[in-house]
Amino acid sequence: MSEGDVAFARMRAVASALAWTGVRHACVSPGSRSTPLALALWREPRIQVHVHLDERASAFFALGVGKATGLPAAVACTSGTAAAELLPAVVEASMSRTPLLLLTADRPPELRGVGANQTIDQIELYGRYVRWSIDAPVPEAADDLEGWRSLAVEAAARSFGHHPPGPVHVNLPFREPLLPVAVPDPTERVPAGSTPLPAAAPPRPRSEDLRRLAELTSGGVERGLVYAGSLRVAAGGVLDAADALGWPVIAEPTSGLRVPGTLDAGQLLVADQRFRAEHRPELVLQLGAAPTSRAAQALTSETERLVIVDPDDLVADPGRRADLRLVADPNLVARELTGRMSRRAGDGWLAHWREGDQRTGEAVDALLGGWEEPFEGRIARDLAEALPQGSLLCVGSSMPVRDLDAFMRPRDGLRVLANRGASGIDGFVSTVLGAGVAGRPTFALLGDLTLVHDVGSLLWSARRGHDAVLVIPNNGGGAIFSSLAQRRLPSEELEELFTTPHRLDLGAVARAAGARHVRVERAVDLTPAVLEAHRGGGVWFVEVSVDPGRDLTRRAAVREAVARALREDAGLPEPSAG
């Protein structure tokens, strides 16, 4: 057998073992050195292969698969800078606890460090951002196929069979010739006596943490509040506990808990400094990642006591304020809380939050309903409300995720995903298309610069059978900087260095990519346009015209309307002081 035959036979064993563990998708980019690996994945009938010209887009596509399915997709690439292109997606996968398998082809050891073409140091290339890294041996004729299967199973187990999940790197050196001549299938394609790997569950709370929790809640907590940040898996038991204890719940859309029973306008409530000061909780129970909005960050920093339940060990305490951080299943912690405490007699605390929430929601709805031109907050609200049951909504970083957080009404039947591990805008379109392989109706809310940043993915992928509706508020650049400290810079510096207007015709971009495009000029036309695009199938741009100056003014108007609604009725029940 030639070197190519040997390598292909061993990679067939790897591909078969990955399929056995539950891997169903692989992303492959063209390259010579990865030939045995690419062919093996392509010929494994249980794995669907997605081909991407750009390795960076390929990795983000695989990231989307992992976020949507909970199972890792494999990313296979050739040697050299191709492997380096995977790093941004690896960082996001690591920080968002998303399973991902990196299979990088490499030169054999004798060609490393001697100036060989397309050769870099790929050993431990991704540093601490991977859960496990191994430089595999060059395939040899004497190799035991079972050893290669075991390597693949170990890699998959390290990615999603241990807690928390994350990326794993297997570096695979190959010698030439790379193309097999004639190779029979491995005689044993599935490890005998085994079953596919189960995903790891969050750990149980430690006894010492439960003792500390008992100390912090001794005597009960009347003025408590649950704040749910991003979670990979929604923890519905926490909502039952909050209801039993009489605590309000503010849930970010990416928590999976923005459902009926949680506050409708919680972010707008806590953004009002006076309301926040008058309703300071005794204890905030924070779930998952740190809060997205500055107002919610202030809420958690100003509380008397902060308990963080952090199932994925995100270390979600940037302000270093936590009295206790439990790396544990939130449902188990919630059960422990309700077992230790009973609802206190005074219901004024929860009633005041709910009344303020209702008045805030009504005031904002009335304000938004009077504006004919699109406003980014209303775009987020109306989009989330209109999507069909069972839909997947991917939301981009910068303003879209904040607008959805502030304006989305609680609802059932919608899953929201975002790249909030590292909160970058890079690779987002690829992530959306990858998430779509889970089979749900797939939509995205993203900024115009986020689209432009990953336009190469669209140019390659939009004609390849994907279905996704991309809703793009087009404000001509990075309007978020108009609300940050950079707004005080001279206009030329602000524009050229930060807002970076793109001046692109997004309709022309869509046509070049083979996507379809519709432009929305009136707020009431958004929902019909989105639903019509969904029925049409394929990749769509729903571009919504937004005037950035007017949008900034309207954000101020929303804050004023909230403040007015919270001050107008002096008869609101006062929060109990305990």
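Since the model is a prediction, treat every value here as computed from it, not as a measurement. (Residues numbered from 1 in each chain as written. Predicted model: local features only at pLDDT ≥ 70, side-chain atom pairs only at ≥ 80, totals over all residues. Heavy atoms only, no water.)

**Q** It is not clear to me how the pairing of strand β9 (residues 283-287) should be interpreted in this structure. Could you clarify?
**A** Walk down a regular strand and you will see the side chains alternate between the two sheet faces. Across the five residues that make up β9, a large majority, five, are buried. The alternating pattern of β9 places Leu 283, Leu 285 and Leu 287 and Val 284 and Gln 286 on opposite faces, both of which are buried. Judged from the five bridges that link them, strand β7 (residues 224-228) and β9 form a sheet pairing that is parallel. Note that in β9 the partner of Ala 228 across the bridge is Leu 287. Note: β9 against strand β10 (residues 305-309), five bridges, orientation parallel. For Val 284, the partnering residue across the bridge sits in β10 and is Leu 306. A crossover connection joins β9 to the parallel β10 through helix α11 (residues 294-302); in handedness this β-α-β unit is right-handed. (Buried < 20%, exposed > 50% of the residue type's maximum accessible area, 1.4 Å probe, protein only. Helix = DSSP H or I, 4+ residues; strand = E, 2+ residues; numbered from the N terminus. Pairing = 2+ DSSP bridges. Right-handed = clockwise from strand over helix to strand, strands pointing away.)

**Q** Is there a simple way to explain the packing of aromatic side chains in this structure?
**A** Between two aromatic rings, the relevant description is the distance of the centres plus the angle of the planes. In the structure shown here, the tally under the stated rule is four aromatic pairs. Ring centres of Phe 275 and Trp 353 lie 5.1 Å apart, and the angle between their planes is 90°; this geometry places the pair in the edge-to-face category. Taken together, the positions of Phe 275 in helix α10 (residues 273-278) and Trp 353 in helix α13 (residues 348-369) put the pair 78 residues apart, joining distant regions of the chain. Each member of the pair, Phe 275 as well as Trp 353, carries the same accessibility label: buried. Note on Trp 349 and Trp 353: the rings are 5.8 Å apart at their centroids and 65° apart in plane angle, and the pair reads as edge-to-face. Taken as a pair, Trp 349 and Trp 353 lie in helix α13 at a separation of four residues, close to a single helical turn. Judged by relative accessible area, which is 1%, Trp 353 ranks as buried. (Phe/Tyr/Trp six-rings, centres within 6.5 Å; stacked < 30°, edge-to-face > 60°.)

**Q** I'm lost on the pairing of strand β14 (residues 442-445) in this one. Help?
**A** Of the two faces of β14, both are covered, the one formed by Thr 442 and Ala 444 as well as the one formed by Phe 443 and Leu 445. Pairing of strand β12 (residues 391-395) with β14 involves four bridges; the strand directions are parallel. Along β14, the bridge assignment pairs Leu 392 with Thr 442. Here β14 runs beside strand β15 (residues 468-474); their pairing, made up of three bridges, is parallel. Paired with Ala 444 across the strands is Leu 470, a residue of β15.

**Q** How should I be thinking about a nonpolar patch on the surface in this particular structure?
**A** On the surface, Leu 87, Met 95 and Tyr 129 cluster together to form a nonpolar patch covering roughly 250 Å² of accessible area. With respect to the secondary-structure elements, Tyr 129 resides in the loop between β4 (100-106) and β5 (132-135). Taking the relative accessible area as the measure of exposure, Tyr 129 reaches 36% and is therefore partly exposed. (Patch = residues over 30% accessible without salt bridge, like charges linked within 9 Å, V, L, I, M, F, W, Y side chains within 5 Å. Areas by Shrake-Rupley, 256 points an atom, 1.4 Å probe, with all protein chains shown as cover. Salt bridge = Lys/Arg side-chain N within 4 Å of Asp/Glu carboxyl O.)

**Q** What is the right way to look at the sheet that holds strand β8 (residues 249-251) in this model?
**A** The strands that make up a sheet pair up through hydrogen bonds in the backbone, lying either parallel or antiparallel. Pairing is parallel across the open sheet formed by five strands, whose spatial order is β8-β7-β9-β10-β11. Of all the strands in the sheet, the pair left with one neighbour each is β8 and β11 (324-326). Across this sheet, the average inter-strand angle for adjacent strands is 15°, counted without regard to direction. Lying over the sheet, α11 contacts β7, β8, β9 and β10, oriented at roughly 140° with respect to β7. (Axes fitted to C-alpha atoms, helices over the stretch in contact; angles between N-to-C directions. Contact = heavy atoms within 4.5 Å.)

**Q** Where do I start with helix α7 (residues 207-216) in this structure?
**A** Because the α-helix completes a turn every 3.6 residues, residues three or four places apart line up on one side. Residues Asp 209, Leu 210, Leu 213 and Leu 216 constitute the buried set of α7. Along the long axis of α7, the arc covered by the buried residues comes to 115°, so they all point the same way. Projecting away from the buried face of α7 at angles above 90 degrees are the exposed residues Arg 211 and Glu 215. Check the buried side of α7 and you find it contacts β10, β11 and α12 (330-340). (Arc of directions from axis to C-beta.)

**Q** How should unusual backbone geometry be read in this particular structure?
**A** Going from His 163 to Pro 164, the amide bond is cis rather than trans, its omega being -5°. When you line up the elements, Pro 164 lands in the loop between α6 (145-161) and β6 (167-173). If you check the backbone angles, Ser 423 has positive phi at about 60° while not being a glycine. One can find Ser 423 in the loop between β13 (414-417) and α16 (428-435). With relative accessibility at 31%, the residue Ser 423 sits in the partly exposed group.

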